[in-house]
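# Structure at a glance
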Amino acid sequence: IQMTQSPSLLSASVGDRVTLSCKAGQNINNYLAWYQQKLGEAPKLLIYNANSLQTGIPSRFSGSGSGTDFTVTISSLQPEDVATYFCQQYSSGSTFGSGTKLEIK
Amino acid sequence: EVQLMESGGGLVQPGRSLKLSCAASGFTYNNYVMAWVRQAPTKGLEWVASISTGGGNTYYRDSVKGRFTISRDNAKNTLYLQIDSLRSEDTATYYCAKSVPYFDYWGQGVMVTVSS
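A brief structural summary. Computed from a prediction, not measured in an experiment: that's the story for all the values here.

As a further point, take the state of the cysteines. The final tally for this structure, using the stated rule, is two disulfides over all chains. Shown here is the disulfide that connects Cys22 of chain A with Cys87 of chain A, its sulfur atoms set 2.1 Å apart. Handedness here is read from the sign of the S-S torsion; for Cys22 of chain A and Cys87 of chain A, about 70 degrees, the answer is right-handed. Highlighted residues: Cys22 of chain A in strand S3 (residues 18-24) and Cys87 of chain A in strand S9 (residues 83-89), separated in sequence by 65 residues. Comparing Cys22 of chain A with Cys87 of chain A, the two get one shared label, buried. Covalently, Cys22 of chain B is tied to Cys96 of chain B through a disulfide, its sulfur atoms 1.9 Å apart. Between Cys22 of chain B and Cys96 of chain B the disulfide shows an S-S torsion of about 45 degrees. By sign, it is right-handed. Remark: Cys96 of chain B occurs in strand S9 (residues 92-99) and Cys22 of chain B occurs in strand S3 (residues 18-25); sequence separation between them is 74 residues. When sorted by exposure, Cys22 of chain B lands in the same class as Cys96 of chain B, which is buried.

Take the interface of chain A and chain B next. Contacts between the two partners involve 15 residues from chain A and, on the opposite side, 14 residues from chain B. Between chain A and chain B lies a buried interface of about 1,200 Å² when both sides are counted; carbon and sulfur atoms form 68% of it. It is Pro43, Tyr90 and Phe96 of chain A that lose the most area in chain A upon contact with chain B, and together they represent 36% of the buried surface on that side. The tally of links from chain A across to chain B stands at zero salt bridges. Across the chain A-chain B interface, the total number found is three residue pairs in polar contact (both at pLDDT 80 or more). Counting residues per element, the ones that place at least two in the side of chain A that touches chain B are strand S4 (32-37), strand S5 (44-48) and S9 of chain A. Along the lines of polarity and charge, the residues of the side of chain A that touches chain B split into nine nonpolar, five polar and one charged.

Note that the residue after Ser6 of chain A, namely Pro7 of chain A, is joined by a cis bond; omega there is -10 degrees. Inspection of the secondary structure assignment puts Pro7 of chain A in the loop between strand S1 (3-6) and strand S2 (9-12). Phi at Ser85 of chain B takes a positive value of approximately 45 degrees, unusual for a residue other than glycine. Within the secondary structure, Ser85 of chain B is located in the loop between strand S8 (78-83) and S9.

Let us now look at the sheet that holds strand S7 (residues 61-66) of chain A. Residues and elements named next belong to chain A. Spatial ordering of the open sheet is given by S1-S3-S8-S7, a layout of four strands whose pairing is antiparallel. Strands at the two margins of the open sheet, each flanked by one partner only, are S1 and S7. Direction aside, the axes of adjacent strands within the sheet are offset by 20 degrees on average. As paired elements, S7 and strand S8 (residues 69-74) share six bridges and run antiparallel to each other. The partner of Ser62 across the bridge, within S8, is Thr73.

The rules behind these values
- Position numbers for residues count from 1 along each chain, tracking the sequence in the order it is written.
- Both sets of labels track the order of writing: A upward for chains, 1 upward for ligands.
- Local features in a predicted model are, by the rule used here, given only for residues with pLDDT of at least 70; side-chain atom pairs are given and counted only at 80 or more, and totals for whole chains, interfaces and linings are based on all residues.
- The basis for the side-chain values is all heavy atoms of the structure; hydrogens and waters are excluded.
- Put simply, a disulfide is two cysteine sulfurs that come within 2.5 Å.
- Numbering goes from the N terminus for both helices and strands, where a helix is a DSSP run of H or I of at least four residues and a strand is a run of E of at least two.
- For the exposure calls, accessible area comes from a 1.4 Å probe over protein chains only, and a residue counts as buried if that area is under 20% of its type's maximum, exposed if over 50%, partly exposed in between.
- Working rule for contacts: check all heavy atoms of both residues, and any pair within 4.5 Å makes them a contact.
- Two parts placed together each lose some accessible area under a 1.4 Å probe, and adding up what both lose gives the buried area.
- The working definition used for a salt bridge is a side-chain nitrogen of Lys or Arg within 4 Å of a carboxyl oxygen of Asp or Glu.
- Polar contacts here mean pairs of N or O atoms no more than 3.5 Å apart (in protein, one a potential hydrogen donor and the other a potential acceptor; neighbouring residues in sequence count only if both atoms are side-chain atoms).
- Polar here means any residue outside two lists: the nonpolar Ala, Val, Leu, Ile, Met, Phe, Trp, Tyr, Cys and Pro, and the charged Asp, Glu, Lys and Arg; Gly therefore counts as polar.
- Strand pairing is assigned whenever DSSP detects at least two bridges linking the two strands.
- Helix axes are fitted only over the stretch in contact, all axes being lines through C-alpha atoms; the angle between N-to-C directions runs from 0 to 180 degrees.

Keep in mind these numbers describe shape, not what the thing actually does.
Pasting the structure below:
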């Protein structure tokens with residue numbers, strides 16, 4: 001199942017509300033996770049089952065969507081949120097999107 | 001605290017073999033499916049292989065079938081990835097991950113470079 005993320009690069013200001021998108025090539029119900037990967041680090045799970053926040057992740061992160069269209073939102077962008085964000089479907093096997101790189105403007 | 005620690009990477013010539021290891025701690029290892037995920041330099045994440053709790057069922061992406069072998073030793077809390085007939089396109093950081101089935105914990109990764 002192909003996963004398409006947009007945009008590939010996003011620049012935003014501290015305090016902005018930021019939304020990243022992920023589209024599945026077919027219906028994946030809510031079998032979607034989001035990961036944050038900072039430069040030189042391993043990925044970290046943020047969201048699973050499309051909208052469940054992983055333990056320890058700040059509440060400014062939230063996920064939504066079902067079927068084929070999903071988003072992750074950061075309600076107020078912080079400097080430490082600079083990273084690349086990947087979505088992953090686990091409805092059939094496992095496929096990642098190509099990522100969205102988030103920068104501070 | 002869940003910890004996953006990979007080892008065994010390095011610079012390898014094309015066609016040679018390599019075996020990666022991942023030592024797990026902080027959770028009941030034999031209760032969880034485990035996986036390997038790789039990331040080529042400056043590229044995205046790519047699931048490579050998964051193994052069931054007892055090791056009897058294994059799953060691979062098509063591009064590595066027949067060359068990669070995932071295995072586990074539940075007595076040693078260790079996951080393995082045997083990589084044979086290495087190709088330049090196998091150059092990547094390899095992560096082991098705990099699978100539920102999304103990946104809730106990841107190791108720090110180990111680099112494999114395939115070059116002559």
